[in-house]
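Residue strings, one per chain:
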Amino acid sequence: MNKMNVNLLVRVSILAALYFVLTVLVSPLSYGAIQFRFSEVLVLLVFYKKEYGISLILGCFLANLFSPLGWVDVVFGTFATAITVFFMTKVKNLFIATLIPTLFCIIVGIELHYVSDLPLIITTLQVMAGEFVVVTILGYPLFRVLEKNQAFMNFIGVEKEE
């Protein structure tokens, strides 16, 4: 394995662990109908480097093992993250990329509706609102600042375009 692959493997592993820790550390805010999963801001890294998608899917999978919804959240919550990262790799605009995770919160809303017998529309809107706050309202300006920092961009493995 060459040095570049080892560096990427280390970054991918650290990111998966970071997502997991940030989710479980504030678990009262990470699960349920009203949730602010602050680890979700990390999904924006996929916009810059698609290889980080596996990190976020794995981190979400591991974090959802601790969900009060059990295996259902492991399957459907992780599926929502997988779809999110797939579509995020297809867009070229950071702001649009921030909206994709909010859109796919519909999967989590449906999951909560069926498993916890919560009202579908209200629950979905609540989950979407939490995601919008974390990823778009907080994450967008944060990443606009970070993308101007060449040290950060180098750290995440993104080469400067000339």
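Residues numbered from 1 in each chain as written. Predicted model: local features only at pLDDT ≥ 70, side-chain atom pairs only at ≥ 80, totals over all residues. Heavy atoms only, no water.

Some details on the nonpolar core
Piece 1. Counting residues in each nonpolar core, the largest one holds 38 residues, and the members touching the most others are Leu45, Tyr48, Leu56, Phe143 and Ile156.
Piece 2. Of all the secondary structure elements, the ones that give two or more residues to this core are α1 (3–25), α3 (45–48), α4 (53–64), α5 (71–88), α6 (94–103), α7 (105–116), α8 (120–146) and α9 (150–155).
Piece 3. At 5 residues, the largest contribution of residues to this core is made by α8.
Piece 4. If we skip the residues at most four places from it in the chain, isoleucine 156 touches Arg11, Leu45, Tyr48, Lys49 and Tyr52. (Core = buried A, V, L, I, M, F, W, Y, C linked by side-chain atoms within 4.5 Å. Buried < 20%, exposed > 50% of the residue type's maximum accessible area, 1.4 Å probe, protein only. Helix = DSSP H or I, 4+ residues; strand = E, 2+ residues; numbered from the N terminus. Contact = heavy atoms within 4.5 Å.)

What to know about the packing of aromatic side chains
Piece 1. As enumerated under the stated definition, the model contains 8 aromatic pairs in all.
Piece 2. Aromatic pair phenylalanine 95 and tyrosine 140: ring centres 5.4 Å apart, planes at 85°, arrangement edge-to-face. Within this pair, whereas phenylalanine 95 is found in helix α6, its partner tyrosine 140 is found in helix α8, the two being separated by 45 residues in sequence.
Piece 3. A relative accessible area of 36% places phenylalanine 95 in the partly exposed class.
Piece 4. Residue tyrosine 140 is classed as partly exposed on the basis of its relative accessible area, which comes to 25%. (Phe/Tyr/Trp six-rings, centres within 6.5 Å; stacked < 30°, edge-to-face > 60°.)

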